[in-house]
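Here's the letter readout for the chains.
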Amino acid sequence: MKSYFKKEMALLLTLLALTAGCGREAPPAEEGKIPVAASFGAMEKLTEAIGGDAVSISVMVPEGIEPHDFEPRAGDLIRLKQARVFVYNGMGMEHWAEKALQSAGAENQVVVKASEKVAPIPLEDEEEREEHGDYDPHTWLGLSEAKEEARAIRDGLIAASPENRDRFMKNYDTFAKSIDSLQQEYREKLAKAPRKELVTGHAAFGYLARDFSLTQESVEDAFATGEPPARKLVELIRFCRAHHVKTIFTEEMMDPALARTLASEAGASAETLSTLEEPGSEGYLDTMRDNLEKIDKALN
Ligand SMILES: [Zn+2]
């Protein structure tokens, strides 16, 4: 998160930490199921798609907390230690993972770094690199990348529970087929769209943009430090006008007023996309279909 958001977010985090208190303890794993710790929402959803009823997932980054800003507490480490499998994205998304794994000191735990085999997008912006490392960490928001991550999760679950091999293989095949058809459907739709410019809340959709040959501009980047924010904002508004951008996207964890103000300046409307960074009720495929429907509408 960039500085302007960071201040508000830091305050919000403090408030949430105070009010959340002991509410962060997850219920114990259901009997007979494989206890899995997933780092944040998207990892939960992908694990759910492959593990189905055989797994009991506890999400480490709680609702309302930005995964980029998360710091595990003692209770989180206990849950991590109790998990048979730990699923995290990697690629700089969970800066805390290595240390937490060391502190938790679980034995015979299967650790799945889901992004292991994803072809990374290098970050060019100096500030982005400071924030996230060398690569864009939002791999799960690309469909083919998510399929790759689901495969890594499948293999991790099989390693932890070989007796469930057939079930995990079958769930993966079903998931992979759905991903392929969703990708095919929106490749055709978005290829015909007259607009190719996707304006997002924070730059989380780089992999999706790569998969569908779109370009991404983010509202948060317009608040980058080191440059007068007014100038960057004016540039973004000009960009939106020049490309007849219809929709400026925002996210669940962002202040909607900002996108709305920008949108009205640019003659656009504001709409919410899910980055799957929060634990949510909808599954991965439903969430992404919903995102793609909104993007398709915005670009047509
Ligand atoms: Zn993010």
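Note that this is a predicted model, so its numbers are computed, not measured.

1. A look at the coordination of the zinc ion
Now for step 1: Protein coordination at the zinc ion comes from His68 (NE2), His138 (NE2), His202 (NE2) and Glu277 (OE), with a distance range of 1.9 to 2.1 Å.
Now for step 2: Note that the zinc ion binds four donor atoms; their angles at the metal cover 101 to 124°, and the shape is tetrahedral.
Now for step 3: When the donors of the zinc ion are listed by position in the chain, the intervening gaps give H-x69-H-x63-H-x74-E. With a gap of 75 residues between them, His202 in the loop between strand 5 (197-200) and helix 8 (206-211) and Glu277 in the loop between strand 8 (269-273) and helix 11 (284-299) connect regions that are remote in the sequence.
Now for step 4: Judged by its relative accessible area of 4%, His202 falls in the buried class.

2. Structural notes on the side chain of Gln183
Now for step 1: In this structure, Gln183 sits in helix 7 (residues 165-192).
Now for step 2: With relative accessibility at 7%, the residue Gln183 sits in the buried group.
Now for step 3: The residues touching Gln183, leaving out its near neighbours within four places in the chain, are Leu143, Ser144, Asp211 and Phe212.

3. Side note on the pattern of salt bridges
Now for step 1: Within the structure shown, the criterion is met by 12 salt bridges.
Now for step 2: The residue Arg210 makes a salt bridge to Glu145 at a minimum N-O spacing of 2.9 Å. Pair noted here: Arg210 is in helix 8 and Glu145 is in helix 6 (residues 143-160), with a separation of 65 residues, a long-range link.
Now for step 3: The class of Arg210 is partly exposed, set by a relative accessible area of 36%.
Now for step 4: If you follow the salt bridges from partner to partner, you end up with Glu185, Lys189 and Arg289 in one network.

4. With respect to the pairing of strand 1 (residues 34-38)
Now for step 1: Counting buried positions along strand 1 yields four of five residues, so the element is predominantly enclosed.
Now for step 2: For the segment spanning strand 1, helix 2 (residues 41-51) and strand 2 (residues 55-59), crossover handedness is right-handed.
Now for step 3: Sheet analysis places strand 1 next to strand 3 (residues 85-88), joined by three bridges and oriented parallel. In the sheet register, Ala37 faces strand 3, and the bridge partner there is Phe86.

5. Description of the nonpolar core
Now for step 1: Core analysis: the largest hydrophobic core is formed by 63 residues, its most contacted members being Met43, Val85, Trp140, Leu208, Leu214, Tyr284 and Ile295.
Now for step 2: Counting residues per element, this core draws most heavily on helix 7, at eight residues.
Now for step 3: Counting contributing residues per domain, this core is built from domain 1 (33-180) and domain 2 (187-299), each supplying no fewer than three.
Now for step 4: Beyond its immediate chain neighbours, meaning those up to four positions away, Tyr284 contacts Lys45, Leu46, Trp140, Leu141, Gly142, Leu143, Ala146, Phe175, Ile179 and Leu276.

6. Regarding the confidence of the model for the protein
Now for step 1: Averaged over all residues, the pLDDT of the protein is 89; the fraction at 70 or higher stands at 88%.
Now for step 2: Across residues 1-5, confidence stays below pLDDT 50; counting only partners more than four residues off in sequence or on other chains, it has 20 contacts.

7. Considerations on unusual backbone geometry
Working note: non-glycine residues mostly have negative phi, and peptide bonds are mostly trans.
Now for step 1: The backbone phi angle of His244 is positive, close to 50°, even though this residue is not glycine.
Now for step 2: Among the structural elements, His244 can be located in the loop between helix 9 (229-242) and strand 7 (247-251).
Now for step 3: Even without glycine at this site, Leu276 takes up a positive phi of about 60°.
Now for step 4: With respect to the helices and strands, Leu276 occurs in the loop between strand 8 and helix 11.

8. Focus: the packing of aromatic side chains
Two aromatic rings, taken as a pair, are described by how far apart their centres are and by the angle between their planes.
Now for step 1: A complete count under the given rule lists five aromatic pairs for this structure.
Now for step 2: Between Phe40 and Trp140, the ring centres sit 4.8 Å apart and the planes meet at 65°, which makes this aromatic pair edge-to-face. Placement of Phe40 in the loop between strand 1 and helix 2 and of Trp140 in the loop between helix 5 (126-132) and helix 6 is noted, with a sequence separation of 100 residues between them. Each member of the pair, Phe40 as well as Trp140, carries the same accessibility label: buried.
Now for step 3: Residues Phe86 and Tyr88 carry aromatic rings whose centres are separated by 5.4 Å and whose planes lie at 5° to one another, so their mutual orientation is stacked.

Calculation criteria
- Residues numbered from 1 in each chain as written.
- Predicted model: local features only at pLDDT ≥ 70, side-chain atom pairs only at ≥ 80, totals over all residues.
- Heavy atoms only, no water.
- Donors = N, O, S within 2.8 Å, 3.2 Å for Na, K, Ca; no water.
- Tetrahedral: all angles 85-135°; square planar, octahedral: opposite > 155°, others 65-115°.
- Helix = DSSP H or I, 4+ residues; strand = E, 2+ residues; numbered from the N terminus.
- Buried < 20%, exposed > 50% of the residue type's maximum accessible area, 1.4 Å probe, protein only.
- Contact = heavy atoms within 4.5 Å.
- Salt bridge = Lys/Arg side-chain N within 4 Å of Asp/Glu carboxyl O.
- Right-handed = clockwise from strand over helix to strand, strands pointing away.
- Pairing = 2+ DSSP bridges.
- Core = buried A, V, L, I, M, F, W, Y, C linked by side-chain atoms within 4.5 Å.
- Domains from an automatic or database assignment.
- pLDDT = per-residue confidence, 0-100.
- Phe/Tyr/Trp six-rings, centres within 6.5 Å; stacked < 30°, edge-to-face > 60°.

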